[in-house]
Amino acid sequence: MDSLEKAVQTQIDNIQKKTGMSLRKLESFIKKSGLSKHGEIRDMLKQELGLGYGDANTLVHMILKSNGTRAAEGRGLDAVLDEIYSGAKAAQRPIRETLMKHIHKFGEFEIVPKKGYVSLRRRKQFAMIGPKTNTRFEVGLNLKGLKKHTRLQEQPAGSMCNYVIALTDAKEANAELIAWIKSAYEGAG
């Protein structure tokens, strides 16, 4: 079992302790809900069992036997990016390219493509980047303790990221934003 598998198993063990339900009972609980979409099940688990976003998301992946990368499975990063940045979202690709030019200077990390964004990981995820809407790009950061700032949208406890920063133009990928991303990178290592 590699370190990622160990971490997921520890998370599942902790979910079982927190809820007082075995994995089998959790699966039954989900099936009895009648819900079938990942996001609906995740939100129900958060509301009904008090799980945080990460725990609920991992549990849904385990029960549905998905890993969050199905949309990108068997395809190269370029093909996934072409799909993410198609149509009205194509105009946002320069924002991604500008950010990645800076982020690659930090050192080694993994790019994990998802359905509508990419996750950037070292030992753990430090950022998520991608278009949120046709006109809004978001950078999600896993970083704690930043001073309040108008650009930083603090996320509720248990969210996938601690902060979200919205961008509408590549020029907004300034030194301040890059410094925040670098801090998250360093904290994930």
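This one's a predicted model, so the numbers in the text were calculated from it and none came from an experiment.

Student: Where do I start with the pairing of strand 6 (residues 163-167) in this structure?
Tutor: On a regular strand, one side chain projects to one face of the sheet and the next to the other, so that they alternate. Within strand 6, 4 of the 5 residues are buried, which leaves the element mostly enclosed by the surrounding structure. Pairing of strand 4 (residues 137-141) with strand 6 involves 5 bridges; the strand directions are antiparallel. Pairing of F137 across the sheet is with L167, part of strand 6.

Student: It is not clear to me how the packing of aromatic side chains should be interpreted in this structure. Could you clarify?
Tutor: Given two aromatic rings, one states the distance between the centres and the angle between the planes to describe the pair. Taken as a whole and assessed by the stated rule, the structure comprises 4 aromatic pairs. When the centroid spacing of 5.8 Å and the interplanar angle of 85° are considered together, the rings of F109 and F126 count as edge-to-face. Residue F109 is found in the loop between helix 6 (93-103) and strand 1 (110-113), and its partner F126 is found in strand 3 (residues 125-131); the two are separated by 17 residues along the sequence. Comparing F109 with F126 shows no difference in burial state: the two are buried. Taken together, a centroid distance of 6.5 Å and an interplanar angle of 85° make the contact between F109 and Y185 edge-to-face.

Student: I keep staring at the environment of V139 and nothing clicks. Help me out?
Tutor: Looking at the element boundaries, V139 is found in strand 4. Among residues more than four places away in sequence, those in contact with V139 are L99, M128, I129, Y163, V164, I165, L167 and I181.

Student: Just checking my understanding: could you explain the nonpolar core for this structure?
Tutor: Generally speaking, nonpolar side chains in soluble globular proteins are found buried as a group. L99, I103, L120, F126, V139, L141 and I181 are the most contacted members of the largest nonpolar core, which has 31 residues in total. For this core, the elements supplying multiple residues, two or more each, are helix 5 (77-84), helix 6, strand 2 (118-121), strand 3, strand 4, strand 6 and helix 7 (175-187). Ranked by residue count, the leading element in this core is helix 7, at 6 residues. Judged by nonpolar contacts, the second largest core, of 13 residues, contains I12, I15, I30 and L45.

Student: Please explain the pattern of salt bridges as it appears in this structure.
Tutor: When charged atoms on two side chains of opposite charge get close, those side chains can pair. Tallying each qualifying case throughout the model produces 8 salt bridges. With a shortest N-O distance of 3.2 Å, E27 and K31 are connected by a salt bridge. Separated by 4 residues within a single helix, E27 and K31 lie in helix 2 (residues 23-33), roughly one turn from each other. The salt bridge involving R96 is made with E97; its shortest N-O contact spans 3.3 Å. On the accessibility criterion, E97 (37% relative accessible area) is partly exposed. What you see here is one network of salt bridges that share partners, running through D82, R93, R96 and E97.

Student: How should the sheet that holds strand 2 be read in this particular structure?
Tutor: Backbone hydrogen bonds hold the strands of a sheet together, and the pairing may be parallel or antiparallel. Pairing is antiparallel across the open sheet formed by 6 strands, whose spatial order is 1-2-3-4-6-5. Of all the strands in the sheet, just strand 1 and strand 5 (153-154) have a single pairing partner and so form its edges. Sheet analysis places strand 2 next to strand 3, joined by 4 bridges and oriented antiparallel. Along strand 3, the bridge assignment pairs R121 with Q125. Sitting on the sheet, helix 7 touches strand 3, strand 4 and strand 6, and the angle it makes with strand 4 is about 40°.

Student: What's the story with the pairing of strand 3 in this structure? I'm lost.
Tutor: Most of strand 3 is tucked away, with 7 of its 7 residues classed as buried. Counting the residues that bridge the hairpin from strand 3 to strand 4 gives 5 residues.

Student: Can you walk me through a positive patch on the surface in this structure?
Tutor: Where like charges cluster on the molecular surface, the positive patch consists of R122, R123, K124 and K144. On the secondary structure map, K144 appears in the loop between strand 4 and strand 5.

Student: Would you mind showing me how to read the side chain of T19 here?
Tutor: Mapping T19 onto the fold places it in helix 1 (residues 3-19). Every residue in contact with T19, bar those within four places of it in the chain, is listed here: L26, L49 and L51.

Rules used throughout
Residues numbered from 1 in each chain as written. Predicted model: local features only at pLDDT ≥ 70, side-chain atom pairs only at ≥ 80, totals over all residues. Heavy atoms only, no water. Buried < 20%, exposed > 50% of the residue type's maximum accessible area, 1.4 Å probe, protein only. Helix = DSSP H or I, 4+ residues; strand = E, 2+ residues; numbered from the N terminus. Pairing = 2+ DSSP bridges. Phe/Tyr/Trp six-rings, centres within 6.5 Å; stacked < 30°, edge-to-face > 60°. Contact = heavy atoms within 4.5 Å. Core = buried A, V, L, I, M, F, W, Y, C linked by side-chain atoms within 4.5 Å. Salt bridge = Lys/Arg side-chain N within 4 Å of Asp/Glu carboxyl O. Axes fitted to C-alpha atoms, helices over the stretch in contact; angles between N-to-C directions. Patch = residues over 30% accessible without salt bridge, like charges linked within 9 Å, V, L, I, M, F, W, Y side chains within 5 Å. Areas by Shrake-Rupley, 256 points an atom, 1.4 Å probe, with all protein chains shown as cover. Lys, Arg positive; Asp, Glu negative; His and termini not counted. Charge placed at Lys NZ, Arg CZ, Asp CG, Glu CD.

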